[in-house]
Amino acid sequence: HPPPRPKALIHLTGWSAVVLIFAAPISRTLFIASGVLFAAAWVAEGNYRAKWILLRNLPVTAPFLSLSAIVLTWSTFSPAHTENIITTLKVYSKLPLVLMLVTTFSDERWRQRAWWAFTGAMLLMVLSTHANVVVDLPWSRTSNQGLGRDHSVFIEHVSQSLMTAVFVAYSIQRYIESQVP
């Protein structure tokens, strides 16, 4: 049997993951800070054997880890400019992060808290985006009222659209599940 994990560390891992999910649609700074805290807590939490048992059966684990290894190897030997390498590493560092989140969200409590956090952040984003059409919101990154313009509030429009699509798909799935007796 593995030694018992400190409850405070489990909570730090879980809550930092929930904050990370909340921050994804609304704040890059909070996303990065909570991501670093989550990764540190996840590593400190240990329990790697149980985490690996969960991950090894997922169809995305091998491709995510392989792609991460390829990018890391490429970055070591690449003649590309340092800025390009850093940008690429930032993008592909999300793949192991997703696997780490999967182990945390295998606990139903943390998964539910994360979805509620994401739902709250998305509602804030969607309401702010629609309000931004007619009102110049002080927290909006754009200041251009009227139709036919970019009304991204917290992050650029591509990320905002992608997260909105995930939120809509999740909402539809939850609705369909609620209709099944």
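Look a little higher up for the structure.
**Focus on the pattern of salt bridges**
At step 1: Following the criterion strictly, the structure yields three salt bridges and no others.
At step 2: The shortest N-O distance in the salt bridge between lysine 51 and glutamate 45 comes to 3.3 Å.
At step 3: Linking arginine 111 and glutamate 108 is a salt bridge whose minimum nitrogen-to-oxygen distance equals 2.1 Å. Linking arginine 111 with glutamate 108, this pair stays in helix 7 (residues 108-131), spanning three residues, or about one helical turn.
At step 4: Taking relative accessible area as the criterion, arginine 111 reaches 29% and is therefore assigned partly exposed.

**Structural notes on the packing of helix 5 (residues 82-92) against helix 6 (residues 94-104)**
At step 1: Put simply, helix 5 and helix 6 touch, their axes get as near as 5 Å, and they point 20 degrees apart. By the angle between their directions, the pair helix 5 and helix 6 is classed as roughly parallel. Residue-level inspection shows Lys90, Val91 and Tyr92 of helix 5 in contact with helix 6, the latter providing Lys94, Leu95 and Pro96.
At step 2: Here the contact of helix 5 with helix 6 is composed, by residue class, of four nonpolar, no polar and two charged.

**Describing the nonpolar core**
At step 1: Ile21, Phe38, Leu101 and Phe105 are the most contacted members of the largest nonpolar core, which totals 21 residues.
At step 2: Residue assignment for this core shows that the elements contributing at least two residues are helix 1 (7-23), helix 2 (28-45), helix 6, helix 7 and helix 8 (157-179).
At step 3: Ranked by residue count, the leading element in this core is helix 7, at six residues.
At step 4: The contacts of phenylalanine 38, once residues within four sequence positions are left out, are Thr13, Ser16, Ala17, Leu97, Met100, Leu101 and Thr104.

Conventions used here
Residues numbered from 1 in each chain as written. Predicted model: local features only at pLDDT ≥ 70, side-chain atom pairs only at ≥ 80, totals over all residues. Heavy atoms only, no water. Salt bridge = Lys/Arg side-chain N within 4 Å of Asp/Glu carboxyl O. Helix = DSSP H or I, 4+ residues; strand = E, 2+ residues; numbered from the N terminus. Buried < 20%, exposed > 50% of the residue type's maximum accessible area, 1.4 Å probe, protein only. Axes fitted to C-alpha atoms, helices over the stretch in contact; angles between N-to-C directions. Parallel < 35°, antiparallel > 145°, perpendicular 65-115°, else oblique. Contact = heavy atoms within 4.5 Å. Nonpolar A, V, L, I, M, F, W, Y, C, P; charged D, E, K, R; others polar. Core = buried A, V, L, I, M, F, W, Y, C linked by side-chain atoms within 4.5 Å.

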